[in-house]
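Residues per chain are reported as follows:
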Amino acid sequence: MAYNNITIPTRMRRMRYHDFSRRLMREHRICTDDLIYPLFVREGNGLRESVASMPGVERLSLDVLLQEAQEIYGLGIPAIALFPVIDVDKKSLDAAEAYNPDGLVQRSVRALKQAVPGLGIITDVALDPFTVHGQDGLLDDSGYVVNDETVAVLVKQALSHAEAGADIVAPSDMMDGRIGAIREALEAEGFINTLILAYSAKYASAFYGPFRDAVGSAGNLGKSNKYSYQMDPANTDEALREIELDLQEGADMVMVKPGMPYLDIIRRVKETYGVPTFAYQVSGEYAMIKAAAMNGWLDEKAVVMESLLAFKRAGSDAVLTYFAKTVAQWLRDGS
């Protein structure tokens with residue numbers, strides 16, 4: 001730039017010189033409103049059971065879960081996502097335990113809404129914790145996950161969660177047409193304000209291993225895979241089509257899963273549809289950061305906060321992360 005024949009250099013670093021000026025120009029920030037905390041619940045009493053592949057993450061019995069939920073609510077985290085650890089004797093081929101009105105999830109939701117009514121409760125709608133084979137749906141004689149028969153069970157599961165008091169049902173199964181079927185059933189039964197968070201772009205990712213350990217489905221799944229219903233990691237246009245269909249069928253929010261390896265998907269979704277867009281910083285992402293930090297290879301706080309900023313920068317409105325409680329404590333303490 002020239003002024004009175006004097007060339008004035010462009011100095012982008014000027015605004016970076018002071019802490020106050022960096023803060024004034026900061027485009028994205030993390031606050032507790034951005035966080036959803038995934039929690040694992042299991043049968044029992046007084047139990048905190050460590051997940052070996054996810055240091056710091058535990059499976060909690062319901063009484064301990066209620067204490068944890070009260071602490072989380074006190075930290076200002078808006079919602080938790082609930083994932084059940086089902087006893088082996090309750091798993092079956094037809095996944096009937098998934099919609100048992102007195103099942104673990106249903107009892108947990110009722111207890112949570114009574115104990116901490118202001119905390120948002122998101123429930124996972126999928127059959128893999130309840131099947132003997134670890135797949136997200138029912139199988140035919142050839143071992144193929146059948147779609148429409150699975151959707152019928154998912155509808156029963158979602159309704160049982162809504163009846164228990166779940167605020168958001170979150171189908172994570174990737175069956176075709178399940179959002180429309182669930183929305184229709186919720187409307188018909190009077191649950192007009194029950195939200196649907198659709199796992200619309202859920203990829204067949206290698207980053208899910210620790211989660212499957214946590215819920216006890218890894219051993220059941222064995223060497224099988226979920227390629228016939230979860231998305232190919234190579235595809236992006238397909239994700240947009242999946243999301244468009246789910247929105248047309250009645251989804252209120254959409255999910256991209258995993259998170260960090262799919263920031264480009266988050267950006268395309270947000271720019272294309274402008275709808276509430278969530279990301280899941282999945283178990284493998286958590287385990288990698290945690291392991292590196294425990295070995296002294298990375299600064300845990302710095303890396304966690306940078307990763308969350310990346311989600312926000314890409315377009316995420318909220319992030320499901322196993323770091324949520326820790327981040328909320330950091331924000332509260334101003335550290």
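Residues numbered from 1 in each chain as written. Predicted model: local features only at pLDDT ≥ 70, side-chain atom pairs only at ≥ 80, totals over all residues. Heavy atoms only, no water.

Let us now look at the packing of helix H3 (residues 104–115) against helix H4 (residues 147–164). Packing of H3 against H4 leaves a shortest axis separation of 8 Å and a crossing angle of 25°. Classified by the angle between their axes, H3 and H4 sit roughly parallel to one another. Where H3 crosses over H4, the handedness of that crossing is right-handed. Contacts between H3 and H4 pair Val105, Gln106, Val109 and Arg110 from the former with Ser160, His161 and Ala164 from the latter. Partitioned by chemical class, the residues of the contact of H3 with H4 number 3 nonpolar, 3 polar and 1 charged. (Axes fitted to C-alpha atoms, helices over the stretch in contact; angles between N-to-C directions. Helix = DSSP H or I, 4+ residues; strand = E, 2+ residues; numbered from the N terminus. Parallel < 35°, antiparallel > 145°, perpendicular 65-115°, else oblique. Left-handed = near helix turned anticlockwise from the far one by under 90°. Contact = heavy atoms within 4.5 Å. Nonpolar A, V, L, I, M, F, W, Y, C, P; charged D, E, K, R; others polar.)

Here we take up the packing of aromatic side chains. Enumeration according to the criterion identifies 9 aromatic pairs in this entry. Arranged with centres 6.1 Å apart and planes meeting at 10°, the rings of phenylalanine 40 and tyrosine 322 form a pair that is stacked. Separated by 282 residues along the polypeptide, phenylalanine 40 in strand S3 (residues 35–42) and tyrosine 322 in the loop between strand S12 (318–321) and helix H12 (324–333) bring together distant segments of the chain. Taken individually, phenylalanine 40 and tyrosine 322 each receive the classification buried, so the pair is uniform in this respect. A ring pair is formed by phenylalanine 83 and phenylalanine 211, whose centres lie 5.1 Å apart and whose planes are at 85°; its orientation type is edge-to-face. Of the two residues, phenylalanine 83 sits in strand S6 (residues 79–85) while phenylalanine 211 sits in helix H6 (residues 209–215), which places them 128 residues apart along the sequence. Phenylalanine 211 carries the same exposure label as phenylalanine 83, and that label is buried. Connected via pairs of aromatic rings, a cluster forms that spans Phe40, Phe83, Phe211, Tyr280, Tyr286, Tyr322 and Phe323. Across from the ring centre of phenylalanine 211, 5.3 Å away, lies the NZ or CZ of lysine 257, which sits over that ring. (Phe/Tyr/Trp six-rings, centres within 6.5 Å; stacked < 30°, edge-to-face > 60°. Buried < 20%, exposed > 50% of the residue type's maximum accessible area, 1.4 Å probe, protein only. Lys NZ or Arg CZ within 6 Å of the ring centre and 35° of its normal.)

As a further point, take the pairing of strand S7 (residues 120–125). The two faces of a sheet get side chains in turn, since along a regular strand they alternate between them. Of all 6 residues that make up S7, 6 are buried, and the element is covered over most of its length. In terms of strand pairing, S6 meets S7 through 4 bridges, oriented parallel. Considered in S7, the bridge of isoleucine 80 is made with isoleucine 121. You can see the chain leave S6, run along H3 and come back into S7, and the turn it takes is right-handed. Relative to strand S8 (residues 168–171), S7 is paired through 4 bridges, and the arrangement is parallel. When the bridges of S8 are listed, threonine 123 appears paired with valine 169. Crossover handedness for the path S7 to H4 to S8: right-handed. (Pairing = 2+ DSSP bridges. Right-handed = clockwise from strand over helix to strand, strands pointing away.)

This next bit is on the environment of phenylalanine 278. Turning to its location among the elements, phenylalanine 278 is positioned in strand S11 (residues 277–281). When its relative accessible area of 9% is taken as the criterion, phenylalanine 278 is described as buried. Placed 79 residues apart in sequence, phenylalanine 278 and tyrosine 199 show a C-alpha to C-alpha distance of 9.0 Å.

We now examine a negative patch on the surface. Residues Asp140, Asp141, Asp148, Glu149 and Asp176 make up a contiguous surface patch of negative charge. Inspection of the secondary structure puts aspartate 140 in the loop between S7 and H4. (Patch = residues over 30% accessible without salt bridge, like charges linked within 9 Å, V, L, I, M, F, W, Y side chains within 5 Å. Areas by Shrake-Rupley, 256 points an atom, 1.4 Å probe, with all protein chains shown as cover. Salt bridge = Lys/Arg side-chain N within 4 Å of Asp/Glu carboxyl O. Lys, Arg positive; Asp, Glu negative; His and termini not counted. Charge placed at Lys NZ, Arg CZ, Asp CG, Glu CD.)

Moving on to the side chain of glutamate 242. By the secondary structure assignment, glutamate 242 is in helix H8 (residues 237–249). One buried charge, glutamate 242, has no salt-bridge partner; the nearest side chain with opposite charge is arginine 178, at 5.4 Å. Sequence-distant contacts of glutamate 242, defined by excluding residues within four places in its chain, comprise Met174, Ser200 and Met231.

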